[in-house]
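Chain and residue survey
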Amino acid sequence: MNVLVVEDDERIASFLTKGLKAEGYATEVAHDGDEALALAERDGDTLDLVLLDLGLPGTDGRVVLRALRERRPALPVIILTARDDVASKVDGLDAGAADYVTKPFHFEELLARIRAALRLRDQSAASVLVVEDLRLDLVTKVAWRGGRRIDLAPREWALLELLMRHPHQVLSRAQILDRVWEYDFDPGSNIVDVYVGYLRRKINGPGSTPLLQTVRGAGYRLLAPEAPGEG
Ligand code: CA
């Protein structure tokens, strides 16, 4: 297991890496946000977990967290910070942190939280649907677009899950009605179009590529942004 420690305080960084190594973890250290992002870019495939300080010189830890969630959505991040106010905790967890530990901390507890985050990652590896930067966690029932969490009503969730299980494939209104609503709706009903509209507004944040496309006369599909489409 390879842990990236993002910590500008040399004393804490050294304490963490020594302790983690003694427990059999490999470690890398980044002393600021930019170094953390560069290391995550370079070694992302071999990293298992990130311990992230929030108060960092240069790029703030919150910005680093969002960038990590966007570039490496499967990589668990545990925030380790002196910021102990509720707003910071809520903000960090909503931004996709696996856990939030405040300084001063007990090393044994930190180890237990690391193990818990790694267990959750292993369990959820097979239960996350990913299309581009859109991610649906089937265990925790949370949807993400990049680093942004998306709240979905149950039918919106079912519709998005169906589309994400068949990326690039056109699904007709009748197929969607049948699978998401599970009973015979009036075929003239526009309920699918209405829900596609709801979903589109939620998953297409400002500046993001439209993923949910209308194929005229055929239905809807999720597809790669480089492909031509009608948005
Ligand atoms: Ca710090």
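Residues numbered from 1 in each chain as written. Predicted model: local features only at pLDDT ≥ 70, side-chain atom pairs only at ≥ 80, totals over all residues. Heavy atoms only, no water.

1. Quick look at the overall build of the protein chain
Within the protein chain, the secondary structure is distributed over eight helices and 11 strands. Taken over the C-alpha atoms alone, the protein chain extends approximately 65 × 30 × 30 Å along its principal axes. Split into buried and exposed, the 231 residues of the protein chain put 48% on the buried side. The contacts of the protein chain with a sequence gap of at least 6 include a subset with a gap of at least 24, amounting to 58%. Just so you have it, the protein chain exposes about 11,500 Å², and 51% of that area is on carbon and sulfur atoms. One way to put it: in the protein chain the 30 positive side-chain charges average out to a point 3 Å from where the 37 negative ones average out. (Helix = DSSP H or I, 4+ residues; strand = E, 2+ residues; numbered from the N terminus. Buried < 20%, exposed > 50% of the residue type's maximum accessible area, 1.4 Å probe, protein only. Contact = heavy atoms within 4.5 Å. Areas by Shrake-Rupley, 256 points an atom, 1.4 Å probe, with all protein chains shown as cover. Lys, Arg positive; Asp, Glu negative; His and termini not counted. Charge placed at Lys NZ, Arg CZ, Asp CG, Glu CD.)

2. Let's talk about the coordination of the calcium ion
For the calcium ion, the full set of protein donor atoms is Asp8 (OD), Asp53 (OD) and Gly55 (O), at a range of 2.1 to 2.4 Å. In the primary structure, the donors to the calcium ion are separated according to the pattern D-x44-D-x1-G. Of the two residues, Asp8 sits in the loop between strand 1 (2-6) and helix 1 (10-22) while Gly55 sits in the loop between strand 3 (49-52) and helix 3 (61-71), which places them 47 residues apart along the sequence. Here Asp8 falls in the partly exposed class, since its relative accessible area comes to 34%. (Donors = N, O, S within 2.8 Å, 3.2 Å for Na, K, Ca; no water.)

3. Overview of the environment of Val77
In this structure, Val77 sits in strand 4 (residues 77-81). On the basis of relative accessibility, which here comes to 1%, the residue Val77 falls in the buried class. Look past the residues within four positions of Val77 in its chain and what remains in contact with it is Val50, Leu52, Leu65, Leu68, Ala97, Ala98 and Asp99.

4. Re the sheet that holds strand 3
Strand order across the open sheet formed by five strands is 2-1-3-4-5, with parallel pairing between neighbours. Because the sheet does not close on itself, it has two edges, and the strands there are strand 2 (26-30) and strand 5 (99-102). Within this sheet the neighbouring strands show an average axis-to-axis angle of 20°, counted without direction. Sheet topology note: the strand 1/strand 3 ladder contains four bridges and is parallel. Each bridged residue has a counterpart across the sheet, and for Leu4 the counterpart in strand 3 is Val50. Running at roughly 165° to strand 3, helix 3 makes contact with strand 3 and strand 4 of the sheet. (Pairing = 2+ DSSP bridges. Axes fitted to C-alpha atoms, helices over the stretch in contact; angles between N-to-C directions.)

5. Focus on the packing of aromatic side chains
What the rule picks out here adds up to three aromatic pairs. Arranged with centres 6.2 Å apart and planes meeting at 55°, the rings of Phe15 and Phe105 form a pair that is tilted. Of this pair, Phe15 sits in helix 1 while Phe105 sits in the loop between strand 5 and helix 5 (107-124), placing them 90 residues apart in sequence. The class for Phe15 is partly exposed, based on a relative accessible area of 45%. When its relative accessible area of 18% is taken as the criterion, Phe105 is described as buried. Through a chain of ring-to-ring contacts, the aromatic side chains of Phe15, Phe105 and Phe107 assemble into a single cluster. The ring of Trp144 has Arg69 sitting right over it, with the charged end atom 5.3 Å from the ring centre. (Phe/Tyr/Trp six-rings, centres within 6.5 Å; stacked < 30°, edge-to-face > 60°. Lys NZ or Arg CZ within 6 Å of the ring centre and 35° of its normal.)

Just distances and angles here, no functional claims.
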